[in-house]
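Residue-level structure breakdown
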Amino acid sequence: MNDTIAAISTALGVGAISIIRVSGPDSIKIVNNIFKGENLNKAPTHTIHYGHIIEKTNVIDEVLVSIFKSPKTFTTEDIVEINAHGSIATTNKILELLLENGCRLAEPGEFTKRAYMNGRIDLLEAEGVMDLINAKSEKARKLAINQMDGKLSLLIRNLRQDILETLANIEVNIDYPEYEDILELTINDLKPKIDNIEKKIEELLSNSENGKIIKEGIKVAILGKPNVGKSSLLNSILNEDKAIVTDIKGTTRDYVEGSIYLNGIPLNFIDTAGIRKTEDIVEKIGVDKSIKLIEEADLILFLLNNNEKVSKEEKELIEKIKNKKHIIIVNKIDLDKNIDIDNELNPIYISTLNKKGIEEILNRIKELFNLGKLETEDLTYISNARSISILKEALKRIEDVRNGIKNNMPIDMVEIDIKEIWNLLGTIIGETYEDELINQLFSQFCLGK
Amino acid sequence: MNYDVIVVGGGHAGCEACLATSKIGHKTLLITGNIKNIADMPCNPSIGGSAKGIVVREIDALGGMMGKCADEGQIQIKMLNSAKGPAVQALRAQADKVTYPQKMYEKLKNSPNLDIKESLVEDLIVENNEIKGVILEDGTKVSSKAVILTTGTYLKADILVGSTRTRQGPHGERPSMHLSDNLEKLGFKIVRLKTGTPPRVEKNSINYEKTKLELGDDVFHTFSFDDKPNYKIEDQIPCHLVYTNENTHKIIRDNLSKASMYGGLDDIKGVGPRYCPSIEDKIVRFADKERHQLFLEPESKISNDETYGNTIYIQGFSTSMPHDIQEKMVHSLVGLENAKILKYAYAIEYDAIYPTQLKQSLETKLISGLFTAGQINGTSGYEEAACQGLIAGINASLKLKGKDPLILGRDEAYIGVLIDDLVTKGVRDPYRLLTSRAEYRLLLRHDNADLRLRKYGYEVGLINEEQYKKLNTKIDNMVKLKEYLKNNKLTPTVKTNEFLKSIGSTILKDGITLYDLLRRPEVTMDILEQVIEIPFDNEVKEQVEISIKYEGYIVKARKEADKMKDLDNKSIPEDIDYNKIHNLASEAKQKLNEVRPTSLGQALRISGVNPTDISLIMIYLKKEYHYDHK
């Protein structure tokens, strides 16, 4: 049998309450050892009990204890949750007592892992729970909840079912070649089906980028020559009354200079080698290194000086950021206009000195990332790296399918790659049975001799 | 009486089994209920078909006889899926129901170590979970070191027609009444299965002008790797195609409750095959279909044969309706308005052993030395039966010699796929092989069965030196041809480029090897031969061409297969206690205990066992047994 694990389930800090969760075969017995109140060993499942946590005779805290008995629990094991008062000291003390009485400190995510291992939730759902725990914003939380509910699993299941029907048709043509009342699926029939599968995978992938944004926020880099007003711009944005400035630092791997929430999505301004230090980033670190920064960022704010002509380096960089989400900003409109910029670049003219045009920048960001839509839409996005890489692999296989068609390969060869796409999608939700195909064959077609 | 091996049942499984053991040199006894029915084809008059045709090639490669008898007994032969890729092509012959069994019986009679006895086996002699022989219906004991049960549909067989149930086997033969009870007493889990067969009508009572002609191929084919074709293409006998119509469907719908399966009988336990539904099933389940195809297949060209000489089999029209309704149904078909039914359709219910009780060798887990093969294991089809009989025979022999069994991988043979499916997944309905069941069908082709399997046939003693030498010459020539293609170039002459243009290919600027040229989709070996001589025989050219044309796909399939093989090579000790593995899902635990897989690969193929369970087993094996399954 498994051992019994315990952990503090609420964020450590001073809150109204904190919850300590215990899971495993001995969870009720162990909690009962440190509980003064009724006998928890005799308590029915899914009940709450008032009492005190005690160490020998000392009362540590006044608590509510919830009893959930196997198997209808999150991990399918016996679970006890202790609702304690929120101080760090008492919560820690209760945890210590549990560990002294035979619990092991749970590893991060171990409850979810047990739920998955015990077959309570599938792989995607497990990842959904993990994301829920790590959710940084309300939106990320909703996204995680959707994934946990299996909404995403359903999307993938539906796509797999579409593919399965195509596979079954090809296979039935192979196994029952003389059945003329079964449509012979030809390479020409296959093309639109493949386009459709590709479209759906691409949709999942482009949604997955949204998923990533909701979860991790948008990484913004401000680029520009020295004294063009990078730090002034940053300060103006951070000080814009509509923006809520957060103090999250180090939430991403990069050093975040400052963050605001825009429509509930974090905008994280990454430190472009010290924007605040008003050094000439382009000249100092060179164009090549600027490019690396450009690659890391989700959004580039490229700042130009209204008073000066666009330099060769700046032109070069504008070229480089063409394929990324970017906004060209012309600062210092309070000075004379000497800039010679192509209006097709759709620049925003601002003055950090007079705080003009800042709101326009924020609106442009909302437009670029469709933040209005994100807010209202059903949040069913793929948001973890594993699933995204599998989807990308599936897209590669679509290319293989197309090559097969181009090279006049017989349909049963082309099908090999389609089957692989179906298998890959199955691994996202953790299921791949060949039997499914056989069952589909017999339910979709009238066969027999 | 004392034998090395006793084979019980003279159907397709039994024939291959006793031929294998006797040919290898074991004193073998075949016990059959009626010698006249040896190698009989009680259902459809054809051998081969999609996937099944490849199995017949595999049987031949291993040294079995089905392919050779089918070649001698065929009355029409076709390559199915010839417009598709090489991986899915398969032969199907209309087989003569008189000649085929005759040829097989001749082989049995000529086999030196084989005795044949007419009797029914009612019990097994078992001591300490080891087989010692069989007891016949008259009480006679026959002892042996191994027994292979190939009883087909004869265990407690019931023929079902309308509302009548008659305890008998096909052709009104006596069924075996006590063997399945005695197997149950020994601890076997017995299941009840069902199958059916359509009516046969008199050859001359059909108006063929109202039917569509179905001819055989106009190129030669043989199942066997050894024999040359010995038939005249124009001597092939055609089949004919007709359709059901609204009237047929109305008759069936109006009388549905009279069919055994739809209320005619209320005590049916047997599960019928999904791939071979009755016409009632088709009309109920696919109500929107306006018509169904029916093939009229001649059963024999020996027209003076009492049983089969004059009959046409209506493929697709299997039913369990009472006789009077069958008359109406048949007469509703265009072309068969005046057809005379010579044999009515029936369904048959029979006992089978639940196949997860078998090892991959087809030896039962319960009783050492007892093997089972064919329909008793829950399969359906002559080819599925024959290949199991062959493998059971080979493995009984290997066991007597104290050697490891021959277990074919899923990437080596359809036979391997079939047996692995049976013993790993069990059966719900009678099991039929389908191309879709093979994960790596590109490796399991019709054309390369000899390259895949002949070596095993040679090792066990079913393939002789001469046959083996022929194989090795073929392999050598394939290597030589590849070199030839790599060493010979076409140069960009005006003539060459004109030729390339004429076949829609890109013209040359530099010289190109024949090998690279063949990689172009539009260039085939045949086309190439129009400009340059390729001095190798057709079989060799075919192999090399496939390996060049489909190289990318073959490499991919091989890679996938190796991944699976990797897991298949991770063995699970026989004494593992799944109850001791933490967190194993209870469904997985139950299935694992039932199947007792021998490898992690096999475990993963059990439905209800998922990758997480495999990881848990792996961790457990590492901890408890110090297995390092990386």
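Quick caveat: nothing in here was measured; it's all calculated off a predicted structure.

Considering the overall build of chain B
Scanning chain B from N- to C-terminus turns up 20 helices and 22 strands. Computed over its C-alpha atoms, the radius of gyration of chain B comes to 26 Å, within 12% of the 25 Å expected for a compact globule of 630 residues. Summarising its shape, the C-alpha atoms of chain B cover approximately 80 × 75 × 50 Å along the three principal directions. Out of the 630 residues belonging to chain B, those deemed buried represent 60%. Pairs at least 24 residues apart make up 72% of the contacts formed inside chain B by residues separated by at least 6 positions.

Topic: the overall build of chain A
Counting secondary structure elements, chain A contains 15 helices and 14 strands. In chain A, which comprises 449 residues, the proportion classed as buried is 53%. Only carbon and sulfur atoms are counted for the fraction: they give 50% of the accessible area of chain A, which is about 20500 Å².

Points about the sheet that holds strand E4 (residues 74-80) of chain B
Residues and elements named next belong to chain B. Spatially, 3 strands are ordered E3-E5-E4 in an open sheet, and the strand pairing comes out antiparallel. Strand pairing shows two members of the sheet lacking a second neighbour, strand E3 (46-48) and E4, which therefore form its edges. Between one strand axis and the next, the sheet turns through 20° on average, direction left out of account. Bridge analysis of E3 against strand E5 (residues 90-95) gives 3 bridges, and the strand direction is antiparallel. Within E5, the residue paired with Ser46 across the bridge is Gln94. Where helix H2 (residues 52-62) meets the sheet, its contacts fall on E3 and E5, and the angle it forms with E3 comes to roughly 75°.

Description of the packing of aromatic side chains
Ring pairs (aromatic) are described by centroid distance and by the angle formed between their planes. Residue and element names in this part refer to chain B. For the coordinates displayed, the defined rule picks out 3 aromatic pairs over all chains. Positioned over the ring face of Tyr456 is Lys455, at 4.8 Å from the centre of the ring. Positioned above the aromatic ring of Tyr515, the side-chain terminus of Lys486 is 4.8 Å from the ring centre.

Remarks on the domain arrangement of chain B
Per the domain assignment, the segments making up chain B are domain 1 (200-349), domain 2 (466-556) and domain 3 (569-625). Here the C-alpha centre of domain 3 of chain B lies 46 Å away from the C-alpha centre of domain 1 of chain B.

Here's the deal with the pattern of salt bridges
All names here are of chain B. Under the criterion given, the structure shown has 68 salt bridges over all chains. The partner of Glu383 in a salt bridge is Lys52, and the shortest N-O contact between them spans 3.0 Å. Linking Glu383 in helix H9 (residues 382-400) with Lys52 in helix H2, this pair joins segments that are 331 residues apart in sequence. One exposure class covers both Glu383 and Lys52, and it is buried. Among the salt bridges present, the one from Glu529 reaches Lys541, with a minimum N-O distance of 2.8 Å. One end of the pair, Glu529, is in helix H15 (residues 525-529); the other, Lys541, is in helix H16 (residues 538-549), with 12 residues separating them in the sequence. Assessed through its relative accessible area of 30%, Glu529 is described here as partly exposed. Bridged by salt links that share partners, the residues Asp158, Arg165, Arg167, Arg192, Asp267, Glu349 and Asp351 form one connected network.

Description of the pairing of strand E1 (residues 5-8) of chain A
All names here are of chain A. As judged from the 4 bridges shared by E1 and strand E2 (residues 17-23), these two strands associate in the antiparallel manner. Residue Ile8 lies in a different strand from E2, and its bridge partner there is Ile20. Bridging between E1 and strand E7 (residues 104-105) involves 2 bridges; their strand directions are parallel. When the bridges of E7 are listed, Ala6 appears paired with Leu105.

Some remarks on the state of the cysteines
Counted under the stated rule, the structure contains 0 disulfides over all chains. Cys69(B) forms no disulfide, and the closest cysteine sulfur to it belongs to Cys15(B), at a distance of 8.2 Å.

Quick look at the nonpolar core
A general tendency of soluble globular proteins is for nonpolar side chains to be buried together. In this structure, Ile47(B), Leu62(B), Tyr100(B), Leu408(B) and Ile415(B) are the most contacted members of the largest nonpolar core, which totals 74 residues. Counting 47 residues, the second largest nonpolar core, distinct from the first, contains Leu205(A), Met413(A), Val88(B) and Ile546(B).

Describing the interface of chain A and chain B
Between chain A and chain B, the residue contacts involve 46 residues of the former and 53 residues of the latter. When the two sides are added together, the surface that chain A and chain B hide from each other amounts to roughly 4400 Å², 51% of it contributed by carbon and sulfur. At the junction of chain A and chain B, the tally comes to 7 salt bridges. At the junction of chain A and chain B, the tally comes to 16 residue pairs in polar contact (both at pLDDT 80 or more).

Focus: the confidence of the model for chain B
When pLDDT is averaged along chain B, the result is 93, and 99% of the positions lie at 70 or above. Taken together, the chains of this predicted complex give a pTM of 0.77 and an interface ipTM of 0.84.

Concerning the confidence of the model for chain A
Residue and element names in this part refer to chain A. For chain A, per-residue confidence averages 78 on the pLDDT scale, and residues scoring 70 or more make up 74% of the total. Taken element by element, the predicted model of chain A shows its lowest mean pLDDT in strand E9 (residues 244-246) (42) and its highest in helix H1 (residues 27-33) (95). Note that pLDDT drops below 50 for residues 241-254; the model gives that stretch 22 contacts with residues more than four away or on any other chain. Taken together, the stretch residues 273-283 has pLDDT below 50 and engages in 29 contacts with residues farther than four places along the chain or on a different chain.

Notes on the side chain of Ser46(B)
All names here are of chain B. Among the secondary structure elements, Ser46 is positioned in strand E3. Judged by its relative accessible area of 3%, Ser46 falls in the buried class. Here the side chain of Ser46 touches Asn44 through a polar contact of 3.0 Å, side chain to side chain.

Comments concerning the sheet that holds strand E15 (residues 239-243) of chain B
All names here are of chain B. Spatial ordering of the open sheet is given by E14-E15-E16-E17-E13-E18, a layout of 6 strands whose pairing is antiparallel. In the strand order of this sheet, the two ends are held by strand E14 (212-214) and strand E18 (341-343), each with one partner. Neighbour-to-neighbour, the strand axes of the sheet open up by a mean angle of 35°, direction not taken into account. The sheet contact formed by E15 and strand E16 (residues 293-298) spans 4 bridges and is antiparallel. Considered in E16, the bridge of His240 is made with Leu296.

Considering helix H14 (residues 411-428) of chain A
Here H14(A) is 18 residues long and its end C-alpha atoms lie 26 Å apart, about the 26 Å a rise of 1.5 Å per residue gives. Of all 18 residues in H14(A), 16 are buried, a share of seventy percent or more.

Observations regarding the environment of Cys43(B)
Residues and elements named next belong to chain B. Mapped onto the elements of the fold, Cys43 is located in the loop between strand E2 (28-32) and E3. Each C-alpha atom, one on Cys43 and one on Tyr313, is 8.6 Å from the other, the two residues being 270 residues apart in sequence. Contact partners of Cys43, with chain neighbours within four places excluded, come to Lys97, Gly196, Thr197, Arg200, Glu299, Tyr313 and Tyr382.

Thoughts on the packing of helix H11 (residues 449-460) of chain B against helix H12 (residues 465-487) of chain B
Residue and element names in this part refer to chain B. Two elements in contact, H11 and H12, have axes whose closest approach is 10 Å; the angle formed by their N-to-C orientations is 145°. Crossing hand, H11 versus H12: left-handed. Listed contacts from H12 to Asp450, Leu451, Arg454, Lys455 and Tyr458 of H11 are Glu465, Gln467, Tyr468, Leu471, Lys474, Ile475 and Met478. Residues that form the contact of H11 with H12 fall into these classes: 6 nonpolar, 1 polar and 5 charged.

Comments concerning H2(B)
All names here are of chain B. In terms of burial, H2 is a largely internal element, 11 of the 11 residues being buried. Considered for burial, the residues of H2 that qualify are Lys52, Gly53, Ile54, Val55, Val56, Arg57, Glu58, Ile59, Asp60, Ala61 and Leu62. Taken from the residues just after H2, Gly63 is the one with a positive phi, measuring 105°.

Remarks on the pairing of E5(B)
All names here are of chain B. Across the 6 residues that make up E5, a large majority, 6, are buried. Both faces of E5 are covered, namely the face carrying Ala90, Arg92 and Gln94 and the face carrying Leu91, Ala93 and Ala95. Two strands pair when backbone bridges link them, and E4 and E5 are joined in this way by 6 bridges, in the antiparallel orientation. Within E5, the residue paired with Gln74 across the bridge is Ala95.

Conventions and cut-offs
- Residues numbered from 1 in each chain as written.
- Chains lettered and ligands numbered in written order.
- Predicted model: local features only at pLDDT ≥ 70, side-chain atom pairs only at ≥ 80, totals over all residues.
- Heavy atoms only, no water.
- Helix = DSSP H or I, 4+ residues; strand = E, 2+ residues; numbered from the N terminus.
- Rg over C-alpha atoms; globule rule 2.2 N^0.38 Å.
- Buried < 20%, exposed > 50% of the residue type's maximum accessible area, 1.4 Å probe, protein only.
- Contact = heavy atoms within 4.5 Å.
- Areas by Shrake-Rupley, 256 points an atom, 1.4 Å probe, with all protein chains shown as cover.
- Pairing = 2+ DSSP bridges.
- Axes fitted to C-alpha atoms, helices over the stretch in contact; angles between N-to-C directions.
- Phe/Tyr/Trp six-rings, centres within 6.5 Å; stacked < 30°, edge-to-face > 60°.
- Lys NZ or Arg CZ within 6 Å of the ring centre and 35° of its normal.
- Domains from an automatic or database assignment.
- Salt bridge = Lys/Arg side-chain N within 4 Å of Asp/Glu carboxyl O.
- Disulfide = S-S within 2.5 Å.
- Core = buried A, V, L, I, M, F, W, Y, C linked by side-chain atoms within 4.5 Å.
- Buried area = accessible area lost by both parts, 1.4 Å probe.
- Polar contact = N/O pair within 3.5 Å; in protein donor to acceptor, adjacent residues only side chain to side chain.
- pLDDT = per-residue confidence, 0-100.
- Expected span 1.5 Å × (residues − 1).
- Left-handed = near helix turned anticlockwise from the far one by under 90°.
- Nonpolar A, V, L, I, M, F, W, Y, C, P; charged D, E, K, R; others polar.

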